[in-house]
Amino acid sequence: MQPFYRSTGSVIIIVLILLGPLLGMLTYQVVGRQEREELLAHCGDYLSERVSSLEIKMSNLFEVLYGIRSLFDSSTDVSRQEFRSFTARAISRHPSIKALEWIPRIPGDMRTNFESHARASGFENFTVSDVTLGGDLISSPQRDEYYPIFCVEPLKGNEDLIGYDVGSESTRRAALDRAIESADLALSDPVLLASVEGNSIGFLGFLPVYEKPVEEVLPEKGGLLGFATLALSIEEVLKHSFLLFQEDMENLVHFKLVDLDVNGGPESIWLSAGFIEASSPAESCEKQIELGGQTWSLSLHPTEKYFSKNKSKQPLIRGLMAFFGWEMILGIIFSLIIFYRNAALRKQDRILKSISRSLAEGVVVADRDGVIIFTNPAAQRMLKCSTGDRFDAGILSARGFFLPDTVTPYPLDQLPIPRAVRGEEVREAEIYVRNSELPGEMWLSASATPMVDESGILRGGVAFFRDVTNKKKSQELVQRLSSAVEQTNDTVLITDLKGKIEYVNPAFEKTTGYSRAEVMGRTPRILKSGLQGEESYKKLWDTILRGEVYRDTVINRKKNGEIYYAEQSITPMRDASGRIHHFVSVVKDMTEKLRTKEQDIEMQVAALVQKHLYPKKPPHVPGFDIAGATFPADAMCGDYYDFIRSTNGSLGIAIGDVSGHGFGPAMVMTQTRAYLRSLLQNHQDLNEILKRLNEVLVKDLELHRFVTLLYARLDIAARRIVYASAGHTSGFIIDPAGEVRVELQSTGLPLGVLSGQEYSVSDSIELRPGEIAIFLTDGITETQTADDRYFGIEGVLEIVKNNRRESAEEIVEHVRNAVRIFAAGMPQSDDITIVICKSNL
């Protein structure tokens, strides 16, 4: 098998060589893309030419309208024959004109006279008309003014337009209004044109004609006579505009004309023959045209045939140049690498020889026959050998090599060099050396490995020897000390500077119930009972971090939850420089001396406290399902919950927690319960009740002891609650979907902390059908696992959400079971209480 670095190097070389074709292909694609972009730019120029051609064409067509306006400026009574003669030449010159019209403005009170005049002029049945949805002409209803077509050329095919009131149709009327507003030419949105050749899409141009020149009537725009109008076919206009199609573009590009504002949005009004959309929006060109108040977009879409026809050989040529250039550069680089590599190898050989001479470890290299071909000064000093020596029975007896028992001579075939020559690997073999040349004994640690060439053929062996005499003596001392510690009856544990346990003796396992594997890497916090204040732990750390020995009586908790008392001393361990690196703790179990007396008293009081503390059963409340439970951490409990009915028919829900747990907290909670029930008989205001309760407890409680309490009053008929919370863990109201709707946060400080406190009372909160109110103590949320993960409020909310359709009592049990499973055997460190109030549907 080839060495890893060689196979990796081969892969890199192959990859670099293959980069040539990849670079060539990439260059081909990039240059091809640039050429495509240049062709697209050419299309843009071509589109600009077509737009200019279209604008010129439209200007020529509009000149016809300005000529008609001049005709009416010169005479206010233009006959149909004069109109026909004047427009005949324009129609013949501009085939895209479908019709030229004169549309007078007729006030509503002049309609009858106008119709009579029109009939007298040759149209016997002339009537101002509107068009029905079916396309029929009917007499126009009465209006303030009319815009009937009076003259139209060519007349043939457009006879039905005579008398049609252009202002009666919304699209045409919008263009008329814009023309009146601007006093200038206005184009209509696309309309359906009627002619002898059939119907087609086009647009109308309206140019207002005034009694006076337009510059004189502005800005009043009075004296409007009518409109010179032209009807244009979009197809014909574009056809004649694009007659000068470049030969190299014919049938290679397609056009699309879009009116950008038809009924509030864009509308395609013309596509060139065989239109194909560009493959991507980026490969099309677009120009806007603004004429007569209209904004059009003319876009050009090149076909793939266009790109293929105009494609050059530049991408291929440049791709090949990139490929051959890269390969040439690689050839030069590889030549330089080989040259400098050989020079580096020579330098490396010199460095390695220098390093071997400086090593404190002995290095011996032997060939396949066991003959030493290299040895450094350290090996010569330890083994008394040199280049040319052979590892045989003579060297074995002369050097005095023994097995670790210090008596049995080391077998020749088991020495590191002979084993490595046979192809074996040796790791940390111990050799005891004793001979007349040494002032004392010597211990060597030897490792060896076979020496193979690039082809994998065994060529000899390499051995490394390290003098471990001092280490061996230290290990022996440590073993004796360790034996003493392992056999003592007192608990011994060693921690690092962060308090993580690195060693415990068997007495620790026997006393605490924790195995060595369970506590390694954890802190002595697992033994914390909760019966000692944080101040004692602060004093402990302050003392040992100063380098002083700490001694005290501690109260710890075993794995099974049992409390035990012990005398503890913690001693900082220092290194040679005086730096503290570990702490050694020796703990003497004193539990048996105190257990009997304290246990009897504790159990008697606990039984008395617990007997009357909690409701015997939940209250029966119409429309609600209520349940609560407490799960003490010890025989004595500092948690409290209660259901208290008021004379006004409401129900009080109380939940509280005394700091700590056990005998003292149980007595405080009994006292708190009694005070609360007494105050509720004489007061209704929750703020007043908590204020008075706080003042009593401030006087009664010892330092560092306090009570958290949440009291909620449930108006059963109105399904509403109000509450006040003295520093208690938040409660929650979740909706029928299981999501939190209201958090019942603390409204004041815990009871017994500070005199003169006020406690805010919440607004009235509706408890809607299907919703659940949750009240709990922090023993649930602070339940933790062996790796210091907490159950948290999220865990509580998730369990209630998942079981929200079950009864309140079942939900309480689900929460308790979830906490037990989460703790995974860890002892319960605090009392747990939960109350569930469900508002039934």
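Scroll up for the structure.
The following refers to the structure shown.

About the criteria used
- Residues numbered from 1 in each chain as written.
- Predicted model: local features only at pLDDT ≥ 70, side-chain atom pairs only at ≥ 80, totals over all residues.
- Heavy atoms only, no water.
- Helix = DSSP H or I, 4+ residues; strand = E, 2+ residues; numbered from the N terminus.
- Buried < 20%, exposed > 50% of the residue type's maximum accessible area, 1.4 Å probe, protein only.
- Salt bridge = Lys/Arg side-chain N within 4 Å of Asp/Glu carboxyl O.
- Core = buried A, V, L, I, M, F, W, Y, C linked by side-chain atoms within 4.5 Å.
- Pairing = 2+ DSSP bridges.
- Contact = heavy atoms within 4.5 Å.
- Patch = residues over 30% accessible without salt bridge, like charges linked within 9 Å, V, L, I, M, F, W, Y side chains within 5 Å.
- Areas by Shrake-Rupley, 256 points an atom, 1.4 Å probe, with all protein chains shown as cover.
- Polar contact = N/O pair within 3.5 Å; in protein donor to acceptor, adjacent residues only side chain to side chain.
- Phe/Tyr/Trp six-rings, centres within 6.5 Å; stacked < 30°, edge-to-face > 60°.
- Lys NZ or Arg CZ within 6 Å of the ring centre and 35° of its normal.
- Axes fitted to C-alpha atoms, helices over the stretch in contact; angles between N-to-C directions.
- Disulfide = S-S within 2.5 Å.
- Expected span 1.5 Å × (residues − 1).
- Bend = angle between axes of the 7 residues up to and from the residue.

Brief notes about the side chain of Arg172
Turning to step 1, where the next piece is worked out: Within the secondary structure layout, Arg172 lies in helix H4 (residues 170-182).
Turning to step 2, where the next piece is worked out: Look at Arg172 and you get buried, because its relative accessible area is 14%.

With respect to the pattern of salt bridges
Turning to step 1, where the next piece is worked out: Applying the stated criterion across every chain, the model contains 34 salt bridges.
Turning to step 2, where the next piece is worked out: Across the pair Arg741 and Glu771 runs a salt bridge, and its minimum N-O distance is 2.6 Å. Of this pair, Arg741 sits in strand S32 (residues 740-744) while Glu771 sits in the loop between strand S33 (765-766) and strand S34 (772-776), and the two are 30 residues apart along the sequence.
Turning to step 3, where the next piece is worked out: Judged by relative accessible area, which is 29%, Arg741 ranks as partly exposed.
Turning to step 4, where the next piece is worked out: The exposure class of Glu771 is buried, given its relative accessible area of 2%.
Turning to step 5, where the next piece is worked out: The residue Asp787 makes a salt bridge to Arg789 at a minimum N-O spacing of 3.2 Å.
Turning to step 6, where the next piece is worked out: With a relative accessible area of 45%, Arg789 lands in the partly exposed category.

Details of the nonpolar core
Turning to step 1, where the next piece is worked out: In this structure, Met58, Leu100 and Phe206 are the most contacted members of the largest nonpolar core, which totals 76 residues.
Turning to step 2, where the next piece is worked out: Counting residues per element, this core draws most heavily on helix H1 (residues 4-74), at 15 residues.

Some words on the sheet that holds strand S19 (residues 442-452)
Turning to step 1, where the next piece is worked out: Here six strands make up an open sheet; going across it, the order is S16-S15-S20-S19-S18-S17 and the pairing antiparallel. Of all strands in the sheet, those bounded by a partner on one side alone are strand S16 (372-375) and strand S17 (401-402).
Turning to step 2, where the next piece is worked out: Alignment of strand S15 (residues 362-367) against S16, held across three bridges, turns out to be antiparallel. By the bridge assignment for S16, Val364 is matched with Thr375.

Details of the environment of Pro769
Turning to step 1, where the next piece is worked out: Turning to its location among the elements, Pro769 is positioned in the loop between S33 and S34.
Turning to step 2, where the next piece is worked out: Measuring from C-alpha to C-alpha, the distance between Pro769 and Gly623 comes to 8.7 Å, with 146 residues separating the pair along the chain.
Turning to step 3, where the next piece is worked out: Excluding residues that lie within four positions of it along the chain, Pro769 makes contacts with Arg719, Pro736, Ser839, Asn840 and Leu841.

Examining unusual backbone geometry
Turning to step 1, where the next piece is worked out: The peptide bond linking Glu153 to Pro154 adopts the cis configuration, its omega dihedral lying at -10°.
Turning to step 2, where the next piece is worked out: Locating Pro154 in the fold gives a position in the loop between strand S6 (151-153) and H4.
Turning to step 3, where the next piece is worked out: The phi angle at Ala824 is positive, at roughly 50°, despite the residue not being glycine.
Turning to step 4, where the next piece is worked out: Position of Ala824 among the secondary structure elements: in the loop between helix H21 (808-823) and strand S35 (832-839).

Points about a nonpolar patch on the surface
Turning to step 1, where the next piece is worked out: Taken together, the side chains of Met328, Ile332, Leu336, Phe339 and Tyr340 define a hydrophobic patch exposed on the protein surface, amounting to about 600 Å² of accessible area.
Turning to step 2, where the next piece is worked out: By the element assignment, Met328 lies in helix H8 (residues 314-358).

Quick look at the side chain of Glu283
Turning to step 1, where the next piece is worked out: On the secondary structure map, Glu283 appears in the loop between strand S12 (265-271) and strand S13 (285-291).
Turning to step 2, where the next piece is worked out: At 2.7 Å, the side chain of Glu283 forms a polar contact with the side chain of Arg33.
Turning to step 3, where the next piece is worked out: Among the polar contacts made by the side chain of Glu283, one reaches the side chain of Arg36 at a distance of 2.4 Å.
Turning to step 4, where the next piece is worked out: With sequence-adjacent residues up to four places away left out, Glu283 is seen in contact with Arg33, Arg36, Leu40, Ala278, Pro302, Glu304 and Phe307.

Comments concerning the packing of aromatic side chains
Turning to step 1, where the next piece is worked out: Counted under the stated rule, the structure contains 15 aromatic pairs.
Turning to step 2, where the next piece is worked out: Both rings, one in Phe402 and one in Tyr432, keep their centres 6.3 Å apart while their planes meet at 55°; by these two values the pair is tilted. Here Phe402, found in strand S17, pairs with Tyr432, found in strand S18 (residues 426-433); they are 30 residues apart in sequence, far enough to count as distant. Judged on exposure class, the residue Phe402 and its partner Tyr432 are both buried.
Turning to step 3, where the next piece is worked out: Ring plane angle 90° and centroid distance 6.0 Å describe the contact between Trp541 and Phe583, whose orientation is recorded as edge-to-face. Residue Trp541 is found in helix H15 (residues 534-545), and its partner Phe583 is found in strand S25 (residues 580-589); the two are separated by 42 residues along the sequence.
Turning to step 4, where the next piece is worked out: Connected via pairs of aromatic rings, a cluster forms that spans Phe114, Phe126 and Phe150.
Turning to step 5, where the next piece is worked out: The positively charged end of Arg111 is found above the aromatic ring belonging to Tyr146, 5.1 Å away from the centroid.
Turning to step 6, where the next piece is worked out: Looking at Arg719, its charged tip hangs above the ring of Phe624, at a distance of 5.3 Å from the centre.

A short note on the pairing of strand S14 (residues 294-302)
Turning to step 1, where the next piece is worked out: Burial within S14 is extensive, with eight of its nine residues counted as buried.
Turning to step 2, where the next piece is worked out: In the sheet, strand S11 (residues 253-262) pairs with S14 via seven bridges, with the strands oriented antiparallel. Considered in S14, the bridge of Val258 is made with Ser297.
Turning to step 3, where the next piece is worked out: With seven bridges joining them, S13 and S14 adopt antiparallel strand pairing.

Here we look at the environment of Tyr306
Turning to step 1, where the next piece is worked out: Here Tyr306 shows up in helix H7 (residues 304-309).
Turning to step 2, where the next piece is worked out: From its side chain, Tyr306 meets the backbone oxygen of Leu39 in a polar contact 3.0 Å long.

Regarding the sheet that holds strand S23 (residues 550-557)
Turning to step 1, where the next piece is worked out: One open sheet accounts for five strands, arranged S22-S21-S25-S24-S23; its pairing is antiparallel. Edge positions in the sheet fall to strand S22 (501-504) and S23, since each of these pairs with one other strand and no more. Each strand axis lies, on average, 30° off the axis of its neighbour in the sheet, ignoring direction.
Turning to step 2, where the next piece is worked out: Where S23 and strand S24 (residues 563-574) come together, eight bridges link them in antiparallel fashion. In the strand pairing of S24, Thr553 is matched with Glu567.

Examining the state of the cysteines
Turning to step 1, where the next piece is worked out: For the coordinates displayed, the defined rule picks out zero disulfides.
Turning to step 2, where the next piece is worked out: Sulfur of Cys285: no disulfide; nearest cysteine sulfur belongs to Cys43 and is 5.3 Å away.
Turning to step 3, where the next piece is worked out: The exposure class of Cys285 is buried, given its relative accessible area of 10%.

Digging into helix H2 (residues 80-93)
Turning to step 1, where the next piece is worked out: A rise of 1.5 Å per residue sets the reference length of H2, with its 14 residues, at 20 Å; its end C-alpha atoms lie 20 Å apart and thus fit the reference within 8%.
Turning to step 2, where the next piece is worked out: For H2, the principal kink sits at Thr87 and spans about 35°.
Turning to step 3, where the next piece is worked out: Of all the residues in H2, the buried ones are Arg80, Phe83, Thr87, Ala90 and Ile91.

Quick word on the pairing of S12
Turning to step 1, where the next piece is worked out: Pairing between S11 and S12: five bridges, direction antiparallel. In the sheet register, Lys256 faces S12, and the bridge partner there is Leu271.
Turning to step 2, where the next piece is worked out: Hairpin connection between S11 and S12: a loop of two residues separates the two successive antiparallel strands, and Asn263 in this loop has a positive phi of roughly 55°.

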